[in-house]
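Residue strings, one per chain:
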Amino acid sequence: MKTYELIRGSGVESLVLTERPVPVPGPRELLLKLRAVSLNYRDLAILRGTYGDYPRPLVPVSDGVGEVVAVGAEVRRFKVGDRVIPAYVPDWVRGGPTEENSRRRLGGPLDGLLREYACIHEEAAVAAPAHLSDVEAATLPIAGVTAWHALFTAGRVGPGDTVVVQGTGGVSLFALQLARMAGARVLVTSRSPAKLERAVALGAAAGIHTGAEPEWDARVLALTEGRGADHVVDVVGGEGVGRSIGAARVGGTVTLVGFLDSATVRFDLTRALRRVVRLQAVSVGSREDLEALGRALAVRGVRPVVDRTFSFAEAHAAYAYLASGAQFGKVVLTLP
Ligand SMILES: NC(=O)c1ccc[n+]([C@@H]2O[C@H](COP(=O)([O-])OP(=O)(O)OC[C@H]3O[C@@H](n4cnc5c(N)ncnc54)[C@H](OP(=O)(O)O)[C@@H]3O)[C@@H](O)[C@H]2O)c1
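- An unreviewed UniProt entry annotates the chain as NAD(P)-dependent alcohol dehydrogenase of Cystobacter ferrugineus.

### Focus on the environment of Arg 35
Part 1 of the argument: Positionally, Arg 35 belongs in strand β3 (residues 29-39).
Part 2 of the argument: By relative accessible area, Arg 35 is classed as partly exposed at 27%.
Part 3 of the argument: Through-space distance from the C-alpha of Arg 35 to that of Trp 216 is 40 Å; in sequence the pair is 181 residues apart.
Part 4 of the argument: The contact partners of Arg 35, leaving out residues within four places of it in the chain, are Val 65, Gly 66, Glu 67, Arg 83, Asp 134, Leu 333, Thr 334 and Leu 335.

### A word on the sheet that holds strand β8 (residues 162-166)
In any sheet, the strands associate via hydrogen bonds between backbone groups, in a parallel or an antiparallel arrangement.
Part 1 of the argument: Pairing within the open sheet is parallel, and its six strands lie in the order β10-β9-β8-β11-β12-β13. On the outer flanks of this sheet lie β10 (206-209) and β13 (278-281), each paired with one strand and no other. Neighbour to neighbour, the strand axes of the sheet diverge by 20 degrees on average, direction disregarded.
Part 2 of the argument: Both β8 and strand β11 (residues 229-234) contribute to a ladder of three bridges, which runs parallel. Residue pairing in the sheet places Val 164 in a bridge with Val 232 of β11.
Part 3 of the argument: Packed onto the sheet, helix α6 (residues 216-223) meets β8, β9 (185-190), β10 and β11 and runs at close to 155 degrees relative to β10.

### Some thoughts on the UniProt feature "domain: Enoyl reductase (ER)" (unreviewed entry) in the chain
Part 1 of the argument: In this structure's numbering, the residues bearing the UniProt feature "domain: Enoyl reductase (ER)" (unreviewed entry) are residues 11-333.
Part 2 of the argument: The span residues 11-333 is 29% helical and 25% strand by assignment, and the distance between its end C-alpha atoms comes to 19 Å.

Calculation rules
- Residues numbered from 1 in each chain as written.
- Predicted model: local features only at pLDDT ≥ 70, side-chain atom pairs only at ≥ 80, totals over all residues.
- Heavy atoms only, no water.
- Helix = DSSP H or I, 4+ residues; strand = E, 2+ residues; numbered from the N terminus.
- Buried < 20%, exposed > 50% of the residue type's maximum accessible area, 1.4 Å probe, protein only.
- Contact = heavy atoms within 4.5 Å.
- Pairing = 2+ DSSP bridges.
- Axes fitted to C-alpha atoms, helices over the stretch in contact; angles between N-to-C directions.
- UniProt positions renumbered as here; feature names shortened; annotations may be inferred.

Rendered as structure tokens:
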């Protein structure tokens, strides 16, 4: 089968197309023919060598959807022909994360899904929501589950709350859609006025252009009659976390999700103490979160926002496109 591998180096040239034998499923494994895979910022950071230090060669990419083409003798949960989504953290089935259940992850340290076939343990697979296309279903495991976990498992977002999401990438647009589904009001920040218009069309109450208003926390206060947001989903990290704290209401929550600016965070603690803000780090979620997300999207008929689709042969271009930051939502590759 055709597979991509990350070999030595930290640029797009470290991603090479090669051949490996089609894997043989163990007694409780499913053999999947991958149909679509979706890129996350994590994939870019791993390629650049700025995230994790995983042994190479490594098959990259964590998110995807595939068709079951063979099953091991003891498989009970799925059958040949089913369309399934592999859970990104295969050992984290339900409940909270533990040292043991959160170590193994697809796309590093485990081999990922940028290949034609992969074997997945049946307990680490979820039925793809029927209303979603392959391209849409492939986007759920990291970006969708992280937004779900941030808002509903770790957070307590509900009707009438105000939620702030930063930028218009995968996690943030899922957070926008899910918060709207829960009856919350969503404010979006972005470096692009054109993307803000699209976010408002998607249901955001207002957009804040961070280029024109770098002190965007003040705008959030103005848009909430001085109260502040109930929940801020922070994907930027760095010194901007201080603004997320400033944008939160007294007793509000800032979920620490990403490090697009920097993984080194610096802020004035007295501001957090004065506002009694809860800082909550979130690392994706469990298989149960992925199942709950799929059910919620199905009930409301909501579809993930896919910006652009590339073919399997165009993997280098897809990575370069993600790196450009031009995307509004998810970047997906389809397999033949
Ligand atoms: N903790 C977890 O479990 C978890 C899970 C998923 C992702 N993450 C992290 O969350 C972050 C976002 O991931 P993603 O996959 O959603 O990213 P993505 O799809 O690549 O989207 C990034 C978006 O954020 C904005 N952006 C990019 N660089 C920025 C910067 N320096 N400052 C402000 N805004 C910036 C851009 O939107 P605009 O052009 O609209 O400004 C861009 O489109 C990453 O750091 C990722 O590693 C963490």
